[in-house]
Amino acid sequence: MAQIVDARGFSCPQPVLMTMQEMKKTGKGQIEVLVDTDTSKENVSRAATSQGWQVQNVAEEGGGYRIVIKKDA
Amino acid sequence: MAQMKNIFAVRWGIIGVGAFIGVFAALLQKWGNPGNMGICVACFDRDIAGALGLHRADIVQYMRPEIMGFVLGSLIAAFLFKEFRPRAGSAPIVRFVLGAFAMIGALVFLGCPWRALLRLAGGDGNAILGIAGLIGGIWVGTLFLKGGYNLGRSEKTYASVGWMLPLIMIFFLVLRFIYPPLADKPQSGVLFYSLKGPGSMYAPLAVSLIIGLAVGFLAQRSRFCTMGAFRDLILFRQPHLFMGLLSLLVFAFVTNLILGQFHPGFAKQPVAHTMSVWNFGGMVLAGLAFALAGGCPGRQLFLAGEGDGDAAIFVLGMIVGAGFAHNFGTASSPAGVGPHGIAAVIIGLLVCLFIGFTMRRKAV
């Protein structure tokens, strides 16, 4: 079961901070991040990649995005 | 694998945008804007406040078309790329207050972060103190962010909410067209104009507007932000936005060298003073206010252009803050800080600390 980070409505750097926190907490696995601006989408994706996570999927959802990030080991 | 379709959101994109701003800011000086002030969001908002008569400092009154261009350029980009997202409701009154104190702090130093870079690129050593203060203020802001500070969620709202600031800017532009500056007249219709000082120095309307629109467009695409540049570096060791800032500095410097606009030194720099402690202190206040509000003055304009009603409130806070800064004698001049500048910085810092310490609702 993927962890969900709901960062909708928050402006930068909040979505990145929330994602970083979750990545730190879980260490690996799958996290779904909900954001509602393109800036947040780009920033979260960039932050995840820089931490060694993979951006698996970005889907438009309810006027925002659902970003799925994953780290195996 | 998600593709990043936005070419401006990659490293070379942001470097290109920084270069564009740096080159054209230097050129705007050559074409008429004040020294080391090709683009300064704080100064230009202040000039707009003067043009509207919100303060009556007669040397800083001009309806700067660059500002309108920034908002409308961002609006155009947001619509073209389907990124116009009307949203509001994230602590608007706090954003207004932060905008006002950001402006008050910036006017103690005499410039926003963009101008701090342009001043440095023009050889003004005092800018080093300002930039150091800016970094210091942003650093304090990151401590609050780490401690759980946030302004709360915004909500999706009516398109008209997102249109408010762009409409205000269109209205300002219309005023500028209807009431153009008249030779030797301090007033044209409802607008005030400067006959001397920085307010009397401006590039031709079309040039200012077109460059403003281009910068607004590019900055919306690239998310260019000078506060974010330092914040992301401090908070996440993420250099993306910082590359844009560095690019602005380098390209403005090179353009200044080519145009003969580079004059190194501390004394007698254009629209600047040499009181180092307050060049530093003013920007600590501004940097902290930008960090707490989530964007430098430029970024707030671009956000407002893409429908962010809270960023729009910050912008209005800046314009009103400029009114206070000049009416209350808190703004500096080339002679030094204003009679109440130091008090204003201290009060502003206290207000920012109050906001930072008390707004810690957990982000869940």
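Up top is the structure these notes are about.
Read on for a plain summary of the structure. Here the structure is a predicted model, which means the values were calculated and not measured. (Residues numbered from 1 in each chain as written. Chains lettered and ligands numbered in written order. Predicted model: local features only at pLDDT ≥ 70, side-chain atom pairs only at ≥ 80, totals over all residues. Heavy atoms only, no water.)

A look at empty space enclosed by the protein
Thinking step 1. In the structure shown here, the tally under the stated rule is three cavities of 30 Å³ or more.
Thinking step 2. Within this model, the largest cavity holds a volume of roughly 330 Å³.
Thinking step 3. Contributing to the lining of the largest cavity are 30 residues, with Ser11 and Cys12 of chain A together with Gly294, Arg299 and Leu303 of chain B lying nearest its centre.
Thinking step 4. Looking at the lining of the largest cavity residue by residue, the classes come out as eight nonpolar, 12 polar and 10 charged. (1 Å grid on protein atoms, 1.4 Å probe; cavity = no way out; pocket = protein on both sides within 12 Å on 5 of 7 lines; lining within 4 Å. Points joined across faces, edges and corners; volume = space filled by probe spheres on them. Nonpolar A, V, L, I, M, F, W, Y, C, P; charged D, E, K, R; others polar.)

Let's talk about a nonpolar patch on the surface
Residues and elements named next belong to chain B.
Thinking step 1. A surface patch of nonpolar side chains, amounting to about 600 Å² of accessible area, comprises Leu246, Val250, Phe251, Phe253, Val254, Leu257 and Ile258.
Thinking step 2. One can find Leu246 in helix H10 (residues 240–259).
Thinking step 3. A relative accessible area of 34% places Leu246 in the partly exposed class. (Patch = residues over 30% accessible without salt bridge, like charges linked within 9 Å, V, L, I, M, F, W, Y side chains within 5 Å. Areas by Shrake-Rupley, 256 points an atom, 1.4 Å probe, with all protein chains shown as cover. Salt bridge = Lys/Arg side-chain N within 4 Å of Asp/Glu carboxyl O. Helix = DSSP H or I, 4+ residues; strand = E, 2+ residues; numbered from the N terminus. Buried < 20%, exposed > 50% of the residue type's maximum accessible area, 1.4 Å probe, protein only.)

So, the nonpolar core
Nonpolar side chains in soluble globular proteins generally cluster together in the buried interior.
Residue and element names in this part refer to chain B.
Thinking step 1. Counting 126 residues, the largest nonpolar core has Ile39, Ile67, Phe70, Leu98, Trp114 and Tyr149 as its most contacted members.
Thinking step 2. Counting residues per element, this core draws most heavily on helix H4 (residues 92–109), which supplies 10 residues.
Thinking step 3. Filtering out sequence-adjacent residues up to four positions away, Ile39 remains in contact with Ile21, Ala25, Leu28, Phe44, Phe70, Trp114, Arg115, Leu118 and Val215. (Core = buried A, V, L, I, M, F, W, Y, C linked by side-chain atoms within 4.5 Å. Contact = heavy atoms within 4.5 Å.)

Observations regarding the packing of aromatic side chains
Residues and elements named next belong to chain B.
Thinking step 1. Under the defined criterion, the tally for this structure stands at 16 aromatic pairs over all chains.
Thinking step 2. Relative to Phe224, the ring of Trp114 lies with its centre 5.6 Å away and its plane at 90°, an arrangement referred to as edge-to-face. Note that Trp114 is positioned in helix H5 (residues 113–121) and Phe224 in the loop between helix H8 (205–222) and helix H9 (226–236), a separation of 110 residues in sequence.
Thinking step 3. A relative accessible area of 1% means that Trp114 is categorised as buried.
Thinking step 4. Judged by its relative accessible area of 1%, Phe224 is buried.
Thinking step 5. Between the aromatic rings of Phe324 and Phe328, the centroid separation amounts to 5.1 Å while the plane-to-plane angle is 85°, which identifies the pairing as edge-to-face. (Phe/Tyr/Trp six-rings, centres within 6.5 Å; stacked < 30°, edge-to-face > 60°.)

Some thoughts on the pairing of strand S4 (residues 64–71) of chain A
Residues and elements named next belong to chain A.
Thinking step 1. Examined bridge by bridge, strand S2 (residues 29–35) and S4 share seven bridges and lie antiparallel to one another. Bridging from a neighbouring strand, Val35 pairs with Tyr65 of S4.
Thinking step 2. Bridge count between strand S3 (residues 54–61) and S4: seven bridges; the pairing is antiparallel. In the strand pairing of S4, Val55 is matched with Ile69. (Pairing = 2+ DSSP bridges.)

A few points about the side chain of Gln14 of chain A
Thinking step 1. If you trace the backbone, Gln14 of chain A turns up in helix H1 (residues 14–26).
Thinking step 2. For Gln14 of chain A, a relative accessible area of 7% puts it in the buried group.

Considerations on the packing of H9 of chain B against H10 of chain B
Residues and elements named next belong to chain B.
Thinking step 1. It is the contact of H9 with H10, at a shortest axis distance of 7 Å, that shows an interaxial angle of 130°. On the basis of their axis angle, the class for H9 and H10 is oblique. With respect to the hand of their crossing, H9 and H10 are arranged in left-handed fashion. Here H9 contributes Thr226, Gly228, Ala229, Phe230, Asp232 and Leu233 to the contact with H10, which in turn contributes Leu241, Phe242 and Leu245.
Thinking step 2. By residue class, the composition of the contact of H9 with H10 is six nonpolar, two polar and one charged. (Axes fitted to C-alpha atoms, helices over the stretch in contact; angles between N-to-C directions. Parallel < 35°, antiparallel > 145°, perpendicular 65-115°, else oblique. Left-handed = near helix turned anticlockwise from the far one by under 90°.)

Side note on the packing of helix H1 (residues 11–30) of chain B against H8 of chain B
All names here are of chain B.
Thinking step 1. Between H1 and H8, the least distance of the axes is 10 Å, while the angle of their chain directions is 160°. As judged from the angle between their axes, H1 and H8 are roughly antiparallel. Where H1 crosses over H8, the handedness of that crossing is left-handed. Packed against H1, whose contacting residues are Ile14, Val17, Phe20, Ile21, Phe24 and Leu28, the element H8 presents Val207, Ser208, Ile211, Ala214, Val215, Leu218, Ala219 and Ser222 at the interface.

Focus: H10 of chain B
Along an α-helix, a turn takes 3.6 residues, which lines up residues three or four apart on a common side.
Thinking step 1. Here H10 of chain B is 20 residues long and its end C-alpha atoms lie 29 Å apart, about the 28 Å a rise of 1.5 Å per residue gives.
Thinking step 2. Among the residues of H10 of chain B, His240, Leu241, Phe242, Gly244, Leu245, Ser247, Leu248, Leu249, Ala252, Thr255 and Asn256 of chain B are the ones counted as buried.
Thinking step 3. Contacts from the buried residues of H10 of chain B go to helix H2 (38–50) of chain A together with H1, H5, H8 and H9 of chain B.
Thinking step 4. In the stretch just after H10 of chain B, Gly260 of chain B is the one whose phi turns positive, near 70°. (Expected span 1.5 Å × (residues − 1).)

Concerning the environment of Gly197 of chain B
Residue and element names in this part refer to chain B.
Thinking step 1. Mapped onto the elements, Gly197 comes out in the loop between strand S4 (191–192) and H8.
Thinking step 2. Classification of Gly197 by relative accessible area gives partly exposed; the value is 28%.
Thinking step 3. Counting along the chain gives 84 residues from Gly197 to Pro113, while the straight-line C-alpha distance between them is 21 Å.

Considerations on the pattern of salt bridges
Thinking step 1. Under the definition given, this model contains 18 salt bridges over all chains.
Thinking step 2. The partner of Arg85 of chain B in a salt bridge is Asp38 of chain A, with the nearest N and O atoms 3.1 Å apart. In this pair, Arg85 of chain B sits in the loop between helix H3 (65–80) and strand S1 (87–88) while Asp38 of chain A sits in helix H2, so the two residues belong to two different chains. Accessibility classification places Arg85 of chain B together with Asp38 of chain A in one group, the buried group.
Thinking step 3. Arg87 of chain B is paired through a salt bridge with Glu306 of chain B; the nearest N and O atoms lie 3.2 Å apart. Placement of the pair is Arg87 of chain B in strand S1 and Glu306 of chain B in the loop between helix H12 (297–305) and helix H13 (309–327), with a sequence separation of 219 residues.
Thinking step 4. Under the relative-accessibility criterion, Glu306 of chain B is labelled buried at 3%.
Thinking step 5. A network of salt bridges, in which partner residues are shared, links Glu42 of chain A together with Glu83, Arg221 and Arg223 of chain B.

What about the interface of chain A and chain B?
Thinking step 1. Counting residues at the interface gives 28 residues for chain A, matched by 26 residues for chain B.
Thinking step 2. When chain A packs against chain B, the two sides together hide about 2,300 Å² of surface, and 53% of this comes from carbon and sulfur.
Thinking step 3. On the chain A side of the contact with chain B, Phe10, Glu42 and Arg46 of chain A bury the most area, a combined 24% of that side's loss.
Thinking step 4. One can count three salt bridges joining chain A with chain B.
Thinking step 5. Two residues, Glu42 of chain A and Arg223 of chain B, come together in a salt bridge whose shortest N-O distance is 2.7 Å.
Thinking step 6. Applying the counting criterion to the chain A and chain B interface returns 13 residue pairs in polar contact (both at pLDDT 80 or more).
Thinking step 7. Ranked by residues supplied to the side of chain A that touches chain B, first place goes to H2 of chain A with six residues. (Buried area = accessible area lost by both parts, 1.4 Å probe. Polar contact = N/O pair within 3.5 Å; in protein donor to acceptor, adjacent residues only side chain to side chain.)

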